[in-house]
Amino acid sequence: MKVVVTRPRDQAGPLVHRLEELGHEVVECPLIEIEPIDEPVKVEGYEWVIVTSPNGARELVARASGPLPKMAAVGPGTAETLRELGVEPAFVPRVSSQDGLLEEFPRPEGRVLFAAAEGARRRPIDELGADFVPLYRTRLVTPGSPPEGDVVVLASGSAAKAFAAIGVDIPVVSIGPQTTLAAGAAGLRVVAEAETHDLDGLIAAVGSLASG
């Protein structure tokens, strides 16, 4: 199949490589850019720090001002990024979403720092009584020309919004439930959602379509 990959160019390599190894033709069409907010993150005094994306994990570990407390990752992709950075997450929910994290988070939770993208959803922050620190901004990117392909892979709600703005009708493979909701709300056709919300899950979802 011809697969449109929308991740930032500097992060797309592993996905592109895996898809090409399986014989797919890949069209790189970056739709978001990550702009770090370069300020130290004070983690002293917190029982937990929650990160909600691989980008957030990288930024948090790079800029934490002291020893890290217990770390919670929203899903397996974020957890794996923490491990690559030498940090073993103390909690990863079975259901890989912010709602899943809320339902399964250990109680009493103590003092919590929620570290995520600027403009993150308020529900988990409010329900946990957490402090919030923005780690990065997500900028939407408009490609010079609309991409062509059999399927487009979307790994975030921001990418879904950016893809919808292009106005092309290509079926979507989504990394997880939050991205699926954002894609549906933007009028996109989601034909597959990764069972595990990480790189392996995306590859498997694309593969299931190709074999079907």
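These numbers were taken from a predicted model, which means no experiment stands behind them.

**Re the overall build of the chain**
Each helix and strand in the chain was counted, giving 8 helices and 10 strands. Relative to a compact globule of 212 residues, whose C-alpha radius of gyration would be 17 Å, the chain shows 17 Å and is just as compact. With the C-alpha coordinates of the chain rotated into their principal frame, the extents come out at 50 × 30 × 30 Å. A burial count over the chain gives 48% of its 212 residues as buried. The contacts in the chain between residues at least 6 apart in sequence include a share of 47% that link residues at least 24 apart. Carbon and sulfur atoms provide 48% of the accessible area of the chain, an area that totals close to 10100 Å². Each charge sign in the chain was given a centre, from 19 positive and 30 negative side chains, and these centres are 4 Å apart.

**Focus: the sheet that holds strand 1 (residues 2-5)**
Sheet strands pair by backbone hydrogen bonding; their relative direction is either parallel or antiparallel. Taken together, the 5 strands give an open sheet; going across it, the order is 2-1-8-9-10, and neighbouring strands pair in parallel fashion. On the outer flanks of this sheet lie strand 2 (25-28) and strand 10 (190-193), each paired with one strand and no other. The sheet shows a mean angle of 30 degrees between the axes of neighbouring strands, taken without regard to direction. Summarising the sheet, strand 1 and strand 8 (residues 151-154) pair through 3 bridges and their orientation is parallel. Looking at the pairing, Val3 lines up with Val151 of strand 8.

Cut-off values and rules
Residues numbered from 1 in each chain as written. Predicted model: local features only at pLDDT ≥ 70, side-chain atom pairs only at ≥ 80, totals over all residues. Heavy atoms only, no water. Helix = DSSP H or I, 4+ residues; strand = E, 2+ residues; numbered from the N terminus. Rg over C-alpha atoms; globule rule 2.2 N^0.38 Å. Buried < 20%, exposed > 50% of the residue type's maximum accessible area, 1.4 Å probe, protein only. Contact = heavy atoms within 4.5 Å. Areas by Shrake-Rupley, 256 points an atom, 1.4 Å probe, with all protein chains shown as cover. Lys, Arg positive; Asp, Glu negative; His and termini not counted. Charge placed at Lys NZ, Arg CZ, Asp CG, Glu CD. Pairing = 2+ DSSP bridges. Axes fitted to C-alpha atoms, helices over the stretch in contact; angles between N-to-C directions.

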